[in-house]
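Architecture at a glance
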Amino acid sequence: DTAVSQTPKYLVTQMGNDKSIKCEQNLGHDTMYWYKQDSKKFLKIMFSYNNKELIINETVPNRFSPKSPDKAHLNLHINSLELGDSAVYFCASSPDNSNQPQHFGDGTRLSIL
Amino acid sequence: DQQVKQNSPSLSVQEGRISILNCDYTNSMFDYFLWYKKYPAEGPTFLISISSIKDKNEDGRFTVFLNKSAKHLSLHIVPSQPGDSAVYFCAASADTGAQKLVFGQGTRLTINP
């Protein structure tokens, strides 16, 4: 009965490869997010989708492309992986109401060799 | 340009005593603030929030205080319990939808028996 689930939990890959991280929420929320937690432990928002529509797009390289097939899923595709992409990526979701907290998945640790 | 700062990377408190975690922000447009708790290998879990129209919000052992003039908020945990040992993140939002959260870098709280 996991609320926000991400797969895989760990991802180790070579520089230059293309990879995807999947996220699904069963909370019936309208909005989903991707965050990146870097080596300094800051959690920074990357993207936000509301009912499959992109509403927040922070300064993120074009190599990162979110895709939302429906409002319960938000996947993150990363092309031409670089060493600096190594981080923990968190998916989150929230209701489409004001001042409602976001619910986070357990993260995907991406390591680039 | 870190808009939300938690200047104490770690804090150690005796079980049963009060834990006080601090957070400062620079953006005067922030009007909604949240505290999240994070255990290792898990995602952040929402703990408590406060709107800028209030200066205090309480939920069981957890109380959040907001000082808008000082751009400062704090989380009080009393009494502290071993299960409270975790990393605590402060977050802020400048829109009523609470959708674009800006996080601090976290404070690791350790409760000693």
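Scroll up a little and you will see the structure.
This section reports on the structure supplied with the text. (Residues numbered from 1 in each chain as written. Chains lettered and ligands numbered in written order. Predicted model: local features only at pLDDT ≥ 70, side-chain atom pairs only at ≥ 80, totals over all residues. Heavy atoms only, no water.)

1. A few points about a nonpolar patch on the surface
All names here are of chain B. Put simply, the rule is: Here the term patch refers to residues with relative accessible area over 30% and no salt bridge, with like charges joined within 9 Å and nonpolar side chains (Val, Leu, Ile, Met, Phe, Trp, Tyr) within 5 Å. Method for areas: the Shrake-Rupley scheme with a 1.4 Å probe, in which residue coverage is limited to the protein chains shown. Definition used for salt bridges: Asp or Glu carboxyl oxygen within 4 Å of a side-chain nitrogen of Lys or Arg. Here a strand is any run of E in DSSP of at least two residues, a helix any run of H or I of at least four, and the numbering for each starts at the N terminus. Any residue under 20% of the maximum accessible area for its type is buried, any over 50% is exposed, and the rest in between are partly exposed; the area is computed with a 1.4 Å probe on protein chains only.
Where nonpolar side chains cluster on the molecular surface, the patch consists of Ile18, Ile20 and Val78 and spans about 230 Å² of accessible area. Inspection of the secondary structure assignment puts isoleucine 18 in the loop between strand S2 (10-14) and strand S3 (19-25). Of the residues examined, isoleucine 18 reaches a relative accessible area of 40% and is grouped as partly exposed.

2. Details of the packing of aromatic side chains
To keep it simple, the criterion reads: The criterion for an aromatic pair is that two Phe, Tyr or Trp rings (for Trp, the six-membered ring) have centres within 6.5 Å, with stacked assigned to planes under 30 degrees apart, edge-to-face to planes over 60 apart and tilted to the rest.
Under the defined criterion, the tally for this structure stands at 13 aromatic pairs over all chains. Note on tyrosine 35 of chain A and phenylalanine 104 of chain A: the rings are 5.2 Å apart at their centroids and 45° apart in plane angle, and the pair reads as tilted. With tyrosine 35 of chain A in strand S4 (residues 31-37) and phenylalanine 104 of chain A in strand S10 (residues 103-104), this pair connects stretches of sequence that are 69 residues apart. For tyrosine 35 of chain A, a relative accessible area of 0% gives the class buried. A ring pair is formed by tyrosine 36 of chain B and phenylalanine 46 of chain B, whose centres lie 5.9 Å apart and whose planes are at 70°; its orientation type is edge-to-face. Of this pair, tyrosine 36 of chain B sits in strand S4 (residues 32-38) while phenylalanine 46 of chain B is found in strand S5 (residues 45-51), placing the two residues 10 residues apart along the sequence. The exposure class of tyrosine 36 of chain B is buried, given its relative accessible area of 0%.

3. Thoughts on the environment of leucine 113 of chain A
Residues and elements named next belong to chain A. Where we set the bar: It only takes one pair of heavy atoms within 4.5 Å for two residues to be counted as in contact.
Mapped onto the secondary structure, leucine 113 falls in the segment after strand S11 (108-112). Accessibility expressed as a relative area gives 56% for leucine 113, which makes it exposed. Along the chain, leucine 113 and asparagine 62 lie 51 residues apart, while their C-alpha atoms are 21 Å from each other. If near-sequence neighbours (up to four positions away) are discounted, leucine 113 is found in contact with Val12, Thr13, Gln14, Met15 and Leu83.

4. Considering the layout of surface pockets
Let me state the cut-off plainly: Note on definitions: the grid is 1 Å and covers protein atoms alone; a cavity is a set of points where a 1.4 Å probe fits but cannot get out; a pocket is an open set with protein on both sides within 12 Å along at least five of seven lines; lining residues have an atom within 4 Å of a point. Grid points are joined across faces, edges and corners, and a volume is the space filled by probe spheres set on the points. For this classification, the nonpolar set comprises Ala, Val, Leu, Ile, Met, Phe, Trp, Tyr, Cys and Pro, the charged set comprises Asp, Glu, Lys and Arg, and every other residue, Gly included, is treated as polar.
Reported here for the largest pocket is a volume of approximately 590 Å³. Lining the largest pocket are 31 residues, with Gln37, Lys41 and Arg109 of chain A together with Lys38 and Arg108 of chain B positioned closest to its centre. Per element, the largest residue contribution to the lining of the largest pocket is four residues, and it comes from strand S11 (residues 107-112) of chain B. Per-class residue counts for the lining of the largest pocket are 13 nonpolar, nine polar and nine charged. Its boundaries defined by the atoms lining it, the second largest pocket holds a volume of some 460 Å³. Looking at the second largest pocket, it is lined by 22 residues, and the ones nearest its centre are Lys44, Ile45 and Glu58 of chain A together with Lys100 and Val102 of chain B. Contributing elements (two or more residues each) for the lining of the second largest pocket: strand S5 (43-50) of chain A together with strand S10 (102-103) of chain B. The dominant element in the lining of the second largest pocket, judged by the number of residues it contributes, is S5 of chain A, at four residues. Class assignment of the residues belonging to the lining of the second largest pocket gives a composition of 12 nonpolar, four polar and six charged.

5. Digging into the interface of chain B and chain A
Quick reminder of the rule: By buried area we mean the combined loss of accessible area, with a 1.4 Å probe, across both parts when two parts are placed together. Definition of a polar contact: a pair of N or O atoms within 3.5 Å, with one able to donate and the other able to accept a hydrogen when the atoms are protein atoms, and with sequence-neighbouring residues admitted only if both atoms are side-chain atoms.
In this assembly, 20 residues from chain B lie in contact with 26 residues from chain A. For the pair chain B and chain A, the two sides together bury roughly 1800 Å², of which 56% comes from carbon and sulfur. Together, Gln99, Lys100 and Phe103 of chain B form the three largest contributors to the area buried by chain B at its contact with chain A, with a combined 30%. Summed over the shared surface of chain B and chain A, the number is one salt bridge. Between lysine 100 of chain B and glutamate 58 of chain A there is a salt bridge, and its shortest N-O distance comes to 2.9 Å. Here chain B and chain A share four residue pairs in polar contact (both at pLDDT 80 or more) between them. Considering every element that reaches the side of chain B that touches chain A, the biggest residue donor is S4 of chain B, with four residues. Split by residue class, the side of chain B that touches chain A holds 10 nonpolar, seven polar and three charged.

6. Focus on the state of the cysteines
As a reminder, the rule being used: Sulfur atoms of two cysteines make up a disulfide when they are within 2.5 Å.
This model, assessed by the stated rule, comprises two disulfides over all chains. Sulfur-sulfur distance for the disulfide between cysteine 23 of chain A and cysteine 91 of chain A comes to 1.8 Å. Taking the sign of the torsion about the S-S bond as the criterion, the disulfide between cysteine 23 of chain A and cysteine 91 of chain A, at about -80°, is left-handed. Here cysteine 23 of chain A, found in strand S3 (residues 19-25), pairs with cysteine 91 of chain A, found in strand S9 (residues 87-94); they are 68 residues apart in sequence, far enough to count as distant. Taken as a pair, cysteine 23 of chain A and cysteine 91 of chain A share a single burial class, namely buried. Here cysteine 23 of chain B is linked by a disulfide to cysteine 90 of chain B, with a sulfur-sulfur distance of 2.1 Å. Measuring handedness by torsion sign, the sulfur bridge of cysteine 23 of chain B and cysteine 90 of chain B sits at about -75° and is left-handed. Taken together, the residues cysteine 23 of chain B in strand S3 and cysteine 90 of chain B in strand S9 (residues 86-93) connect sequence positions 67 residues apart. Accessibility classification places cysteine 23 of chain B together with cysteine 90 of chain B in one group, the buried group.

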